[in-house]
Amino acid sequence: MKNSNIRKLLMDRSIEGKVGATMPSIDVPLQTLPNKKFLRENLAMPEVSENEIVRYFSSISQMNFSIDHNFYPLGSCTMKYNPKLNDDIAGFPGFNEIHPLQNIDTIQGALEIMFDLQNILAEITGMSGTSLAPMAGAEAELAGMLMIRAYHRNREDFKRKKVIIPDSAHGTNPASAVMAGFEVISIPTDTNGNTDLEALKNVVDASTAGLMLTQPSTLGLFDTNILEVVKIINSNGGLIYGDGANLNAILGKVKPGEIGFDLVHSNLHKTFTQPHGGGGPGAGAIMVSDKLIDFLPDPIVTKDKIDKFDLSKPQKSIGKMGAFHGNFGALVRAYSYIRTLGKEGINNISEDAVINANYLRIKLKDTLDLPYDRICSHEVVFSAKTIKEKYGVNALDIAKRLIDYDIHPPTMYFPLIVEEALLVEPTETESKETLDEFIETVKTICEEAKTNPNLLHNAPHNTPNTRLNEALAARNPKLNWRNTIEEAN
Ligand SMILES: *Cc1c(COP(=O)(O)O)cnc(C)c1O
């Protein structure tokens, strides 16, 4: 990266007359183009040789950080290691080359996978029915909220207009409730990081449609008040929605259905497998109890007496969540992940995810602040509050300095209820050796904060781009080549 030539954009490497491709000689009659209007006389195209173009693209591919490069403590929420096998299977022609409008008789195998996956997910979550239609976690939440609305309306109970959401919920929870037409009532988290029961009792009444709970919460904690919470809501006629975007903390250990949840969604791209950084693609399955099974989104896969699979619309369905039947490629990957692991492997996921997060919690609790000093789930929230007060170095500086050590930053400044938050999720797939390296690196950086804080303020130092103005980089990105010489004249 030190070589400045490597930073040159392709257009700036252009030398007139250089050619990087050899065209085959023409073997059809020469045609004249029907309309010259669409042709440009001058088109700025780089003229470079083949090896230059290969080197250019290889070098820019190395400027990016990826999970295949090194540790990525953003965790399952953003990018955990996805076994390559699942990609290979999703690429089979029988999965990859079918069309959603194909005759149902010709896609029985694909439907069987969806049917099995529906059942497996219902079993894992202790629910009665599944729809694989939503394309993301947030869309599954919306589907769930629309089902809650349809359920109350179906009982001609029109006054249930409020959804209660603890402040440790994921940000998409209140957004989904509002999109479905509900009013959101936010309640605080108690000092242990659980739902504040007194606050909950104060707001529940006959206008409560339900409660949305991220379990484990965004603090990485399993809400130990959960049975009490369920009791309070149920006895008032409300429904309980569980945000299980990241079920990897409880897979095989806790079934939300058995605790009393009426709906739960899981982000198949997070809990199971699917490379999904940068916004997609994903799949958000929604699982429901008996009460809501008739309201599931359309379609669900059904099997008749002669073992033929079909797509059906549940009786009181809230309708479609998008075109066709969900994000099929993501469904195949999740299915492949679950089937290769088996029952025992699924159990190991949650054990490994939780042990890894707690290992980091114990090893780093004397280095960073630990706002909730209790056993965590799949992720652990630290805070750089003390380091900031003592040395003027904040969570952002620490995160940026990690990049110099070839480690991706963890989630910063989230959850919002923790000052200078650093939310670390190692996931189930990382080894003890990788975690030890991370621990040593964080300790080194916190030492540097004392002795040389400027080193952290200006980090990263070893990357193609150093500290960016993040607001401008996001709002005013320069995405195409510009002739800076001509612009200057
Ligand atoms: C990621 C996440 C969501 C949203 O899921 P998307 O697939 O990004 O729409 C919702 N809740 C929690 C807890 C999450 O981590």
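Residues numbered from 1 in each chain as written. Predicted model: local features only at pLDDT ≥ 70, side-chain atom pairs only at ≥ 80, totals over all residues. Heavy atoms only, no water.

1. As for the packing of aromatic side chains
Taken as a whole, this structure holds eight aromatic pairs when the rule is applied. Centre to centre, the rings of Tyr151 and Phe295 are 6.4 Å apart; their planes meet at 75°, and the pair counts as edge-to-face. With Tyr151 in helix 5 (residues 137–154) and Phe295 in the loop between strand 7 (284–288) and strand 8 (300–303), this residue pair connects regions lying 144 residues apart in the sequence. A single burial state applies to Tyr151 and to Phe295, both of which are buried. (Phe/Tyr/Trp six-rings, centres within 6.5 Å; stacked < 30°, edge-to-face > 60°. Helix = DSSP H or I, 4+ residues; strand = E, 2+ residues; numbered from the N terminus. Buried < 20%, exposed > 50% of the residue type's maximum accessible area, 1.4 Å probe, protein only.)

2. Overview of helix 4 (residues 108–125)
In this model helix 4 runs 26 Å from its N-terminal to its C-terminal C-alpha over 18 residues, within 8% of the 26 Å that 1.5 Å per residue would give. Among the 18 residues in helix 4, 13 count as buried, and that is most of the element. Looking one or two residues past helix 4, Gly126 carries a phi angle of roughly 70°, positive in sign. (Expected span 1.5 Å × (residues − 1).)

3. A look at the pattern of salt bridges
Counted by the stated rule, this structure contains 24 salt bridges. Residues Lys80 and Glu428 are paired through a salt bridge, measuring 2.6 Å at the closest nitrogen-oxygen approach. Separated by 348 residues along the polypeptide, Lys80 in the loop between helix 1 (50–61) and helix 2 (84–90) and Glu428 in the loop between strand 12 (421–424) and helix 14 (432–451) bring together distant segments of the chain. Of the two residues, Lys80 and Glu428, both sit in the buried class. Asp262 is the partner of Lys291 in a salt bridge, and the nearest nitrogen-oxygen pair spans 3.2 Å. With Lys291 in the loop between strand 7 and strand 8 and Asp262 in the loop between helix 9 (256–259) and strand 6 (263–267), the pair connects residues that are 29 residues apart, well separated along the chain. (Salt bridge = Lys/Arg side-chain N within 4 Å of Asp/Glu carboxyl O.)

4. What to know about the domain arrangement of the chain
It is common to give the size of an interface as the accessible area lost on bringing the parts into contact. Once the domains are mapped, the chain shows domain 1 (3–61), domain 2 (84–340) and domain 3 (350–475). The distance between the C-alpha centroids of domain 1 and domain 2 comes to 48 Å. (Domains from an automatic or database assignment.)

5. Description of the nonpolar core
In this structure, Leu117, Leu121, Ile164, Leu200, Leu211, Leu268 and Phe272 are the most contacted members of the largest nonpolar core, which totals 53 residues. When contributions to this core are tallied by element, the ones reaching two or more residues are helix 4, strand 3 (183–187), helix 7 (197–203), strand 4 (208–214), helix 8 (226–234), helix 10 (268–272), strand 7 and helix 11 (328–364). Dropping the residues within four chain positions of it, Leu211 is found in contact with Ile164, Leu200, Val229, Ile233, Leu239, Ile240 and Tyr241. In this structure, Val380, Ala384, Ile387 and Leu422 belong to the second largest nonpolar core, which totals 33 residues. (Core = buried A, V, L, I, M, F, W, Y, C linked by side-chain atoms within 4.5 Å. Contact = heavy atoms within 4.5 Å.)

6. Some thoughts on the environment of Gln108
Among the structural elements, Gln108 can be located in helix 4. As for Gln108 and Asp310, which are separated by 202 residues in sequence, their C-alpha atoms are 8.1 Å apart. With residues up to four places along the chain from it excluded, the contact list for Gln108 reads Asp307, Lys308 and Phe309. A polar atom in the side chain of Gln108 sits 2.8 Å from the backbone nitrogen of Phe309. (Polar contact = N/O pair within 3.5 Å; in protein donor to acceptor, adjacent residues only side chain to side chain.)

7. Some thoughts on the packing of helix 13 (residues 395–404) against helix 14
Two elements in contact, helix 13 and helix 14, have axes whose closest approach is 10 Å; the angle formed by their N-to-C orientations is 125°. As the angle between them shows, helix 13 and helix 14 are arranged oblique. Crossing geometry of helix 13 relative to helix 14 is assigned as right-handed. Residues Ile398, Arg401 and Leu402 of helix 13 form the contact with helix 14, whose participating residues are Phe438, Thr441, Val442, Ile445 and Glu448. Across the contact of helix 13 with helix 14, the residue classes break down as five nonpolar, one polar and two charged. (Axes fitted to C-alpha atoms, helices over the stretch in contact; angles between N-to-C directions. Parallel < 35°, antiparallel > 145°, perpendicular 65-115°, else oblique. Left-handed = near helix turned anticlockwise from the far one by under 90°. Nonpolar A, V, L, I, M, F, W, Y, C, P; charged D, E, K, R; others polar.)

8. Some remarks on the site of the ligand
Close to the ligand lie 14 residues; Gly137, Ala138, Asp243, His269 and Lys270 are nearest. His170 is positioned with one of its side-chain polar atoms (N or O) 3.4 Å from a nitrogen atom of the ligand. In this structure, an oxygen atom belonging to the ligand sits 2.9 Å away from a side-chain N or O atom of Asn267. Looking at the shell around the ligand, the element that brings in the most residues is helix 5, giving three residues. By residue class, the composition of the shell around the ligand is four nonpolar, seven polar and three charged. (Near = heavy atom within 4 Å.)

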